[in-house]
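Topology and contacts: notes
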Amino acid sequence: MPRRRFRRALAAFAALAVALVALVLGWSHLINAMLPPGSRPAAMTFPVERWDDAGFDRVALALAADLPGAAMAHVALLRDAGVRAYEGPRTCLGCHETVRWREPDGAFRQADLMDNLTGSAHYRFFTTAHADVWGFDGSSTDGFPMGKINRPCPKPGSFAMTAWAELVVTQRGDTLSEGCGQCHIGGQAQAPLGEMMPLYRTLAVEKDAIDCLICHAAAYDMDRKQVERDANGRLRWGQDRSLRAALSVGRPGTAACLRCHQHNLGGDVYVEEGAGEFMPSLTATGRDRPRVLHPGSKRGTPFSPAWDVHAAAGVTCLDCHESRGHLIAKGTHTTTMMANDLPGVEVSCLGCHPAPVHGTVARGEQIDAHLERVACRTCHIPSLHPDNASRRDFFVTEYEEEPGIFVYHDPSRLSAPGEGLAYVWWNGDATFLGNPVGDNPNGAGLYRFYTADERWPEFADFDYAGWYERVMRPIAQRRPSKLHAMKRFNGRQHIDLGNIGPFGGMFVPYNLPLYYRDGDPDAAARAELEKPMMRMMYGRLFKHYMLDRFMAFMTIDGWNTGAYAEALAGSGTDPRWLPNDAMLEVSHAIRREGALTCDRCHGPDGVLDWTALGYRPGEIAALAAPR
């Protein structure tokens, strides 16, 4: 008993000591102090261009000549305010301490601008509201932080916690820029890791490093977005903080959004002739250390005039994606893009195209009758871009003469309907690893939801069909499903064999500088595991705060920290395909001309697999009959 009381007293004393340190140093500072030194926020020094009055006017005149017809309201405002240099967010906050928006009911709301911004997915790289995402154990992930910040992914092969800003020196001596931070408004040397902890308050040095202009400046120079070494010796992504860019600020237009998002939509190698403004990050890739351009598009759905009727019509991103300050709606459906600022706000075709949608076309009433069970995009995304990657193998590398690096192998780039585009029942929910949840509305009970095509030997006897009936079908039936077109994807990447389950396991990210230079995935995986942040991830703090629950969603009994030594040695990892294809939601590359016609689904050679969709033989004959 005395020993037990002593332990309790010691634990209480330790808790009190932590509380006192937190009070003295500040909770946010304490959280960052627990991170490896290279992952802690620090003061970042960005170059500042200062001009006199004459220089200010020269910059303004040149800008007006380069962007004729553009709104230049800030030129007069900044001139009158005496602003002759842009010094980052502090310049913006001189006038914009709050942000204001109109609610759907017409009322206006406002919030502290920085609180609104640093609480957004575009800053945090994650959100916590996930009522539509489910663990394979049947539990809701709502309340669990999820996003690019903490989800290794078999499309880029990297992990935002470690691959934020990297310099790739090729075998011929060229230097390239790479890392997750290129599509992020934070300007630190690492992802904003502290934000995942409760009660965290963004530090001043983190706010000072935010890149406001990459979204708000029409004249932002993407050639400045390259990895550079700061005065403190750490690598970080550069920014365009020129006065020219600052004078062009306004509401973000399509080109601003596509500085990051065309990478995800159309990929890094497709540049539409005559429409370079839709591919700003592909036409200005970095002045001195160009960004690595990745072949094989994630979604194969370019947002550009030749591919999307909305782009051709001049519809902007924010016309569809409602914003509340810096919180931007992504819609109420998700599979793989877990971060969502406004998960209850719909982004729907019917918001602009109310029924009856097809009243003026032949058989319009028949087509409109499909809307109850068929999503608009199912017909209006008839194919994916030819550079779409449907399978990616990181274990097989190929040398590219230009720019002189090794890249992954994409064994298939399927783009046709019924091939690269799969057709599934989807109620808007998803599994923890990106599988759409849904069921045939007629209750046939034949839907092949999870077949484990790449079944792993450790789970060769796992009853996936029984698991679906027991765990997932009740979730699939909780709200109606529609037939959706989705991009099929599978990837092969190193897996930590000490942390696996029947639905997959923890990916081992690759050290990108080594991977691209040498093309050796085994060595690249071991090198990335040596990083202090990966060592910390295999420690007790991450285990108890996040990863035990992360593993539970994958039906794995806890995070095995003891697997680190074998994984580091390479003996505890194995390159494997995902057990089942992921399905990525696609919603751009909307076409009117070329949309699927009746016979493409109902003809004898239609693109739909009626059996897989849950229809019985007698029904299939009628459904598949030419119309």
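Summary of the structure given here. (Residues numbered from 1 in each chain as written. Predicted model: local features only at pLDDT ≥ 70, side-chain atom pairs only at ≥ 80, totals over all residues. Heavy atoms only, no water.)

Applying the stated rule across the entire model yields 35 salt bridges. For arginine 109, the salt bridge is made with glutamate 103, and the minimal N-O distance between the two is 3.7 Å. Given a relative accessible area of 14%, glutamate 103 falls into the buried group. Linking arginine 201 and aspartate 115 is a salt bridge whose minimum nitrogen-to-oxygen distance equals 3.3 Å. Of this pair, arginine 201 sits in the loop between strand S7 (175–178) and helix H8 (204–208) while aspartate 115 sits in helix H6 (residues 113–118); the two residues are 86 residues apart in sequence, bridging distant segments of the chain. Classification of aspartate 115 by relative accessible area gives partly exposed; the value is 37%. Through salt bridges with shared partners, one network takes in Glu49, Asp221, Arg224, Asp240 and Arg287. (Salt bridge = Lys/Arg side-chain N within 4 Å of Asp/Glu carboxyl O. Buried < 20%, exposed > 50% of the residue type's maximum accessible area, 1.4 Å probe, protein only. Helix = DSSP H or I, 4+ residues; strand = E, 2+ residues; numbered from the N terminus.)

Turning to the nonpolar core, a few remarks are in order. By size, the foremost hydrophobic cluster in this structure holds 69 residues, and its most contacted members are Leu193, Tyr450, Trp467, Met472, Tyr516, Met537 and Phe550. Residue contributions to this core peak at seven residues, all from helix H17 (residues 464–476). Those residues in contact with tyrosine 516 that sit more than four places away from it in its chain are Val168, Glu178, Val292, His294, Ile405, Phe406 and Val407. Counting 19 residues, the second-largest nonpolar core is a separate cluster that includes Leu421, Ala485, Cys601 and Leu608. (Core = buried A, V, L, I, M, F, W, Y, C linked by side-chain atoms within 4.5 Å. Contact = heavy atoms within 4.5 Å.)

Our focus in this paragraph is the sheet that holds strand S4 (residues 133–134). Hydrogen bonding along the main chain pairs the strands of a sheet, whether they run parallel or antiparallel. Taking strand neighbours across the sheet as the criterion, the three strands line up as S4-S15-S16 in an open arrangement whose pairing is mixed. Only two strands of the sheet have a single partner each, and these edge strands are S4 and strand S16 (436–437). With two bridges connecting them, S4 and strand S15 (residues 429–431) associate as parallel partners. Within S15, the residue paired with valine 133 across the bridge is alanine 430. (Pairing = 2+ DSSP bridges.)

With their axes 11 Å apart at the nearest point, helix H3 (residues 53–66) and helix H4 (residues 73–80) run at an angle of 175° to one another. Between H3 and H4, the angle falls in the class roughly antiparallel. From H3, Phe56, Asp57 and Ala60 reach across to H4, where they touch Val75, Leu78 and Arg79. Looking at the contact of H3 with H4, its residues break down into four nonpolar, no polar and two charged. (Axes fitted to C-alpha atoms, helices over the stretch in contact; angles between N-to-C directions. Parallel < 35°, antiparallel > 145°, perpendicular 65-115°, else oblique. Nonpolar A, V, L, I, M, F, W, Y, C, P; charged D, E, K, R; others polar.)

Another aspect to go through is the environment of alanine 465. Within the element layout of this structure, alanine 465 appears in helix H17. Relative accessible area serves as the criterion here: at 56%, alanine 465 is assigned to the exposed category. Sequence spacing of alanine 465 and glycine 69 is 396 residues, and the spatial spacing of their C-alpha atoms is 60 Å.

Moving on to the environment of methionine 534. Here methionine 534 shows up in helix H20 (residues 532–537). Methionine 534 gets classed as buried once you look at its relative accessible area, which sits at 2%. Separated by 118 residues in the primary sequence, methionine 534 and alanine 416 have C-alpha atoms spaced 39 Å apart. Excluding residues within four positions of it along the chain, methionine 534 makes contact with Phe159, Thr162, Pro509, Glu528, Leu529 and Tyr564.

Before going further, it helps to examine H17. End to end, H17 covers just 15 Å across 13 residues, shorter than the expected 18 Å (1.5 Å per residue, more than 12% under). The largest bend in H17 comes to about 45°, at arginine 470, with the proline proline 474 one to four residues further on. Where H17 is concerned, the buried positions are Tyr464, Trp467, Tyr468, Val471, Met472, Arg473, Ile475 and Ala476. Buried positions along H17 lie against S4, S15 and S16. (Expected span 1.5 Å × (residues − 1). Bend = angle between axes of the 7 residues up to and from the residue.)

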